[in-house]
Amino acid sequence: MKLMVPAVAAALLAALPAAAAPGDEIYARPGRLVAASDGARLNFTCTGKGGPAVIFDSGFEDWAPAWALVQPRVAKWTRACSYDRAGTGFSTPGPMPRTSMRIAGELRSALRNAGIKGPYILVGHAFGGDNVRAFADLYPADTAGLVLVDADTGDVEPAALREEDHRAIPDVAASLGACRDLIAAGKPLPLLPHREGRPDRTCADGYFRGLPEAVWSPALNAKLREVAHRRADMIDANISEFSQLPADEDFLRQRRRFLGRTPVRMITTMHHAVHFFDPAWAPTAEEKHYQQTIAEAQARWLTLSSDSRQIFVKNSSEYVTFDAPDTVAAIIRDVWGRARARHRGR
């Protein structure tokens, strides 16, 4: 059993291997491009009917296909919309810098322009957690619930860990920039170091867990690789998002808002930043300490609401959306149901 955060009321849920969902080709083409208030045009892929609508935001270097296994499950009982942040996937570039505050504002204005009525259940994975929390802080009346899926903890983790993360920003930005320059110049992309048992990939194949992704169809993988190898401006958006993390974290600390009885759920895996779950993996003492630190940081979000829970998901990588989509969908449904009950009680 993984290390548990003491004194936290939490459920422990086991993840089951996920099979590729049929119909993921909807993410291989633009859905609906909607103008945001600042000129960006955001690509939405919406399925299902009902309300409140569930809106998905993805992790760093990810976009809508990250939800290809979760969204169909949620769409069985309400409207579910994944989207590509400005500059990624099929969305057009947006103004710089790419802060979580700007991303939240773009999302809200585009949802309104699309006629997708709020308030919304906002679901954010990894870096997407920063964006949906910024949305909740800025627009609490449009927030019916929050689900933070192994979300990044920069604003609530110990200062030493945060500073270590920030020191990596210039090197990551430089590496991404070098790949961007090669794509823009139409030059061959060098292979990254070989990963045992996995396909070789270039610097443009580092999106999601690395392309191709085993849980997706060949057609979706082919289209995503085409986009990744063609869009140099997508890397510009990624660089800006990553470089703005310190500013995002400052905002989230300074503007943190108590959301009253708005339901909030945190999914914790104890495998944060681990992209593939290996049941035979034996973490070092240092890694155990890191995972415990992340879990304790995520527990600090329990104070966001009087209706909040931290849920530990067993046997999953950071990509719970791939490893345990049924579990993620069930947690979203819990928040959705509680939000509907609150609305009826008003």
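Residues numbered from 1 in each chain as written. Predicted model: local features only at pLDDT ≥ 70, side-chain atom pairs only at ≥ 80, totals over all residues. Heavy atoms only, no water.

> Before we move on, can you summarise the overall build of the chain with the specific residues and values?
Broken down by element type, the chain carries 11 helices and 9 strands. For the chain, the C-alpha radius of gyration of 19 Å lies close to 20 Å, the compact-globule estimate for 346 residues. Based on the C-alpha atoms only, the size of the chain along its principal axes is roughly 60 × 50 × 40 Å. For the chain, the proportion of its 346 residues judged to be buried stands at 55%. A sequence separation of at least 24 residues applies to 78% of the contacts in the chain between residues at least 6 apart. Surface accessibility of the chain: about 14300 Å² in total, with carbon and sulfur atoms responsible for 55%. (Helix = DSSP H or I, 4+ residues; strand = E, 2+ residues; numbered from the N terminus. Rg over C-alpha atoms; globule rule 2.2 N^0.38 Å. Buried < 20%, exposed > 50% of the residue type's maximum accessible area, 1.4 Å probe, protein only. Contact = heavy atoms within 4.5 Å. Areas by Shrake-Rupley, 256 points an atom, 1.4 Å probe, with all protein chains shown as cover.)

> Can you explain the environment of Leu-245? Please cite residues and give values.
Its place among the elements puts Leu-245 in helix α8 (residues 245-254). Among residues more than four places away in sequence, those in contact with Leu-245 are Phe-127 and Asp-130.

> Got a sec to walk through the state of the cysteines? Specific residues and values, please.
Within the structure shown, the criterion is met by 2 disulfides. Between the sulfur atoms of Cys-46 and its disulfide partner Cys-81 the distance amounts to 2.1 Å. Measuring handedness by torsion sign, the sulfur bridge of Cys-46 and Cys-81 sits at about 120° and is right-handed. Residue Cys-46 is found in strand β3 (residues 41-47), and its partner Cys-81 is found in strand β5 (residues 80-84); the two are separated by 35 residues along the sequence. The partly exposed category is assigned to Cys-46, whose relative accessible area is 30%. A relative accessible area of 0% places Cys-81 in the buried class. Across the disulfide, Cys-179 is cross-linked to Cys-203 (sulfur-sulfur distance 2.1 Å). Residues Cys-179 and Cys-203 are joined through a disulfide that is right-handed, its torsion about the S-S bond being 80°. Of this pair, Cys-179 sits in helix α5 (residues 169-185) while Cys-203 sits in the loop between α5 and α6 (218-230), and the two are 24 residues apart along the sequence. (Disulfide = S-S within 2.5 Å.)

> I'd like a rundown of the nonpolar core, residues and numbers included.
Of all hydrophobic cores here, the largest spans 54 residues; its most connected members are Phe-56, Val-74, Val-123, Phe-208, Trp-216 and Ile-332. Looking at this core element by element, the count peaks at 7 residues for helix α11 (residues 325-344). Each residue touching Phe-208, except ones within four places of it in the same chain, is listed here: Glu-61, Asp-62, Trp-63, Pro-65, Ala-66, Trp-216, Leu-224, His-275 and Tyr-319. One finds Phe-135, Leu-148, Leu-259 and Leu-304 within the second-largest nonpolar core, a separate group that totals 40 residues. (Core = buried A, V, L, I, M, F, W, Y, C linked by side-chain atoms within 4.5 Å.)

> Outline the packing of aromatic side chains, supporting the account with residue identities and numerical values.
For the structure shown, the criterion picks out 11 aromatic pairs. For the pair Tyr-120 and Phe-135, a centre-to-centre distance of 6.3 Å together with 80° between the ring planes defines the contact as edge-to-face. Highlighted residues: Tyr-120 in strand β6 (residues 120-125) and Phe-135 in helix α3 (residues 128-138), separated in sequence by 15 residues. Each member of the pair, Tyr-120 as well as Phe-135, carries the same accessibility label: buried. (Phe/Tyr/Trp six-rings, centres within 6.5 Å; stacked < 30°, edge-to-face > 60°.)

> Give me the lowdown on the pairing of strand β8 (residues 264-268), citing residues and values where you can.
With respect to burial, β8 is a largely interior element, 5 of its 5 residues being buried. Both faces of β8 are covered, namely the face carrying Val-264, Met-266 and Thr-268 and the face carrying Arg-265 and Ile-267. Inspection of the sheet shows strand β7 (residues 143-149) paired to β8 by 4 bridges, in the parallel sense. In the sheet register, Val-147 faces β8, and the bridge partner there is Arg-265. Relative to strand β9 (residues 308-314), β8 runs parallel, the two sharing 5 bridges. (Pairing = 2+ DSSP bridges.)

> So what's going on with the pairing of strand β2 (residues 32-35)? Which residues, and what values?
In the sheet, β2 pairs with β3 via 4 bridges, with the strands oriented antiparallel. The residue of β3 that forms the bridge with Leu-33 is Asn-43. Taking the residues between adjacent antiparallel strands as the criterion, β2 and β3 are bridged by 5 residues, where Gly-39 takes a positive phi near 100°.

> With reference to specific residues and values, describe the packing of α3 against α8.
Direction vectors running N to C along α3 and α8 enclose 40°, while the axes themselves pass 10 Å from each other. Taken as axis vectors, α3 and α8 run oblique relative to one another. For the pair α3 and α8, the sense of crossing is left-handed. Side by side, α3 and α8 meet where Asp-130, Arg-133, Ala-134, Asp-137 and Leu-138 of the first sit next to Leu-245, Asp-248, Phe-251 and Leu-252 of the second. (Axes fitted to C-alpha atoms, helices over the stretch in contact; angles between N-to-C directions. Parallel < 35°, antiparallel > 145°, perpendicular 65-115°, else oblique. Left-handed = near helix turned anticlockwise from the far one by under 90°.)

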